[in-house]
Amino acid sequence: DAGVIQSPRHEVTEMGQEVTLRCKPISGHDYLFWYRQTMMRGLELLIYFNNNVPIDDSGMPEDRFSAKMPNASFSTLKIQPSEPRDSAVYFCASKGRGTAASSGNTIYFGEGSWLTVV
Amino acid sequence: RKEVEQDPGPFNVPEGATVAFNCTYSNSASQSFFWYRQDCRKEPKLLMSVYSSGNEDGRFTAQLNRASQYISLLIRDSKLSDSATYLCVVIKNYGGSQGNLIFGKGTKLSVKP
């Protein structure tokens, strides 16, 4: 079975440019998460969706960041305009509908999108 | 106080050693707990869930102490391949809906020959 698929794997862009990161969750999963990881701050939740609806976007740093999930198999995270401090690894993850006590709470990560803004 | 705190390490241990990591969490309503493993330049992957009664998977043992609000991971007979960063994960579920997964910053383990 295919896991969570992210693109691009690596991107280097100039400050001020728009960046679009893409994610295809595991088929059948109801939840999709966007995380950002840096050495200083660790793994931070930016936003998560349930059945394509954004549930909690309190982790989105500022208005330059936006995320959409137009259907169950696709999500995007956009940064416009990008800044050097946005350089990080951006992970998309998905999980099923399981309860706290079940294996459905397992979250599966994509391989990440390594973003460098110069 | 941070929601989930871990000693960043690094823990440098020889092969065959036993090593233990602790993780503390601040929200007493947290209900689900996990350990994830992240290799260098890779994505995090589930290592094991942590159950109230404690659970063991081969050389790995996870325990939960709700009264003191910490979870632990014990690795026995450590192998070179255990070298990685171990992330503590806590979930607070809100009634019937799923809550956020809160990750600790991770504890780095380096097993030496």
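That block above? That's the structure.
First, a word on what this report is: a plain description of the structure on this page.

About the criteria used
- Residues numbered from 1 in each chain as written.
- Chains lettered and ligands numbered in written order.
- Predicted model: local features only at pLDDT ≥ 70, side-chain atom pairs only at ≥ 80, totals over all residues.
- Heavy atoms only, no water.
- Salt bridge = Lys/Arg side-chain N within 4 Å of Asp/Glu carboxyl O.
- Buried < 20%, exposed > 50% of the residue type's maximum accessible area, 1.4 Å probe, protein only.
- Helix = DSSP H or I, 4+ residues; strand = E, 2+ residues; numbered from the N terminus.
- Contact = heavy atoms within 4.5 Å.
- Buried area = accessible area lost by both parts, 1.4 Å probe.
- Polar contact = N/O pair within 3.5 Å; in protein donor to acceptor, adjacent residues only side chain to side chain.
- Nonpolar A, V, L, I, M, F, W, Y, C, P; charged D, E, K, R; others polar.
- Pairing = 2+ DSSP bridges.
- Axes fitted to C-alpha atoms, helices over the stretch in contact; angles between N-to-C directions.

1. With respect to the pattern of salt bridges
All names here are of chain A. Tallied over the entire structure, the rule returns 13 salt bridges over all chains. Here Arg36 and Glu44 are joined by a salt bridge, their closest N and O atoms 3.4 Å apart. Residue classification places Glu44 among the buried residues on the basis of a relative accessible area of 17%. Of the charged contacts in the structure, one is a salt bridge between Arg85 and Glu62, with a shortest N-O distance of 3.2 Å. Remark: Glu62 occurs in the loop between strand E6 (53–56) and strand E7 (65–71) and Arg85 occurs in the loop between strand E8 (74–79) and strand E9 (88–95); sequence separation between them is 23 residues.

2. Brief notes about the interface of chain B and chain A
In this complex, chain B contributes 17 residues to the contact, which on the side of chain A involves 24 residues. Approximately 1,800 Å² of surface area, both sides summed, lies buried where chain B meets chain A, with 53% of it carried by carbon and sulfur atoms. Viewed at the interface, chain A and chain B are joined by 0 salt bridges. Inspection of the chain B/chain A interface yields 3 residue pairs in polar contact (both at pLDDT 80 or more). Residue composition of the side of chain B that touches chain A, by class: 7 nonpolar, 6 polar and 4 charged.

3. What to know about the sheet that holds E8(A)
All names here are of chain A. Taken in spatial order, the 4 strands line up as E1-E3-E8-E7 in an open sheet, and their pairing is antiparallel. In this open sheet, the two edge strands, each paired with only one partner strand, are strand E1 (5–7) and E7. Taken over all neighbouring pairs, the strand axes of this sheet differ in orientation by 15 degrees on average, direction set aside. Sheet topology note: the E1/strand E3 (residues 19–24) ladder contains 3 bridges and is antiparallel. Across the sheet, Ser7 pairs through a bridge with Arg22, a residue of E3.

Function-wise, these values are silent; they only describe arrangement.
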